[in-house]
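Coordinate inspection notes
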Amino acid sequence: MLSVLAIVPLAALLSHATESVAAKTGDAVGGLLNATLGNLTELVIALTALRAGQYMLVKASIAGAIVTNTLFMLGASFLLGGLKHHTQEFNRVSARVQAGLLFLATIALLIPSAVSEADSTATAAFTQKLSVGLAVLLIVAYGLGMLFSLKTHRELFASAEHGEAGEAPWPIGLALATLAGVTVLVALVSEIFVESVQKAAESFGMSQAFVGFIVVALVGGAAEMASAFSGARKNRLDLSVGIALGSASQIALFVAPVLVLLSYVLGPSPMSLQFWPGAVVMMLIATLTASLVTIAVGRPGLSGVVADGYMIFAMTLYLLPPRTQ
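Residues numbered from 1 in each chain as written. Predicted model: local features only at pLDDT ≥ 70, side-chain atom pairs only at ≥ 80, totals over all residues. Heavy atoms only, no water.

Before going further, it helps to examine the side chain of Ser 263. On the secondary structure map, Ser 263 appears in helix H9 (residues 237-266). We classify Ser 263 as buried; its relative accessible area is 1%. Here the side chain of Ser 263 touches Met 271 through a polar contact of 2.9 Å, landing on its backbone nitrogen. Once residues lying within four places of it in the same chain are set aside, the contact partners of Ser 263 are Leu 50, Tyr 55, Ser 269, Pro 270 and Met 271. (Helix = DSSP H or I, 4+ residues; strand = E, 2+ residues; numbered from the N terminus. Buried < 20%, exposed > 50% of the residue type's maximum accessible area, 1.4 Å probe, protein only. Polar contact = N/O pair within 3.5 Å; in protein donor to acceptor, adjacent residues only side chain to side chain. Contact = heavy atoms within 4.5 Å.)

This part is about the environment of Val 241. Tracing the backbone through its elements, the reader meets Val 241 in helix H9. In the structure, Val 241 is positioned 143 residues away from Gln 98 in sequence and 9.5 Å away in space, judged by C-alpha atoms. Setting aside chain neighbours within four positions, we find Val 241 in contact with Leu 74, Phe 78, Phe 90, Ala 95 and Gly 246.

The next point concerns the nonpolar core. Core analysis: the biggest nonpolar cluster contains 96 residues, and Val 67, Leu 259 and Phe 275 have the highest contact counts within it. Residues within four places of Leu 259 in sequence aside, it is in contact with Leu 43, Ala 46, Leu 47, Leu 50, Val 58, Ile 62 and Met 271. (Core = buried A, V, L, I, M, F, W, Y, C linked by side-chain atoms within 4.5 Å.)

With that settled, the discussion passes to the packing of helix H5 (residues 124-152) against H9. At a closest axis distance of 8 Å, the pairing of H5 and H9 adopts a crossing angle of 135°. One element, H5, and the other, H9, form an angle in the oblique class. Between H5 and H9 the crossing geometry is left-handed. In contact with Gln 128, Ser 131, Val 132, Ala 135, Leu 138, Ile 139, Ala 141 and Tyr 142 of H5, H9 contributes Gln 250, Ala 252, Leu 253, Phe 254, Pro 257, Val 258, Val 260, Leu 261 and Tyr 264. For the contact of H5 with H9, the residue count by class is 14 nonpolar, 3 polar and no charged. (Axes fitted to C-alpha atoms, helices over the stretch in contact; angles between N-to-C directions. Parallel < 35°, antiparallel > 145°, perpendicular 65-115°, else oblique. Left-handed = near helix turned anticlockwise from the far one by under 90°. Nonpolar A, V, L, I, M, F, W, Y, C, P; charged D, E, K, R; others polar.)

Structural measurements only, silent on function.
Shown next as structure tokens:
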């Protein structure tokens, strides 16, 4: 509880620093920077579990972060922005590209699980080799996506509109220093959280899947959520969408593959990309929902109800934990 509470003021600092950077660089770059720094926290959490050989917790945190960002963070941002502003606009081209990359990554994460379930001759060695190959392909796809959005087609990712006037942004140097310092502090607090959450979960009767999918994902993404929700309330929906979808696609295309490769060095044994069937279904549903919401015509605020889908998944995992591999 103390670890979770310690993240609250840090999240507020990170939110203001992100908005200050976005005011200078644009919401697309600001959202990407916030997502990257926020995912460093989740990477620290995953690496701590990876070294301990808790692969179920690692995979649950990966799947949970993807679903949390695409359903809860994105949906709640639409809802909070819609409650304050009658209409809001966001760059649909940028959102569609992020959703498309996320869908590609979800398919890649689905393949090892689907092959193992459908083909009884698929061995653990085959699944491991397939996972390594897919990890390399996903990292390459992420690099190409960054090149497309930040260099070759940068003009397509400009913000749809600027938000309402508010507090004066911090100087860019102070904002960047704050981002770096707060990220380190959040990472330290998150590592303490991971060490303590296992015993707390046992006391509350929670499964590793629920802890990784819901609890760790929410705590790891708390700082990003603060920035996304604040941006939506200030009519800077591009910043919110960039943080939510950018973070989810970065986890699926970069963080998960890197963890597979690092498991050969840090883990007691190699980790594959084979998830339990329930996680694959939830990630696929969340990705499809994000894709449909970003291409739908209408007011984004009305799409905020997609956050309810996250509550459905959370309730299901709490009452009916998935089978372990």
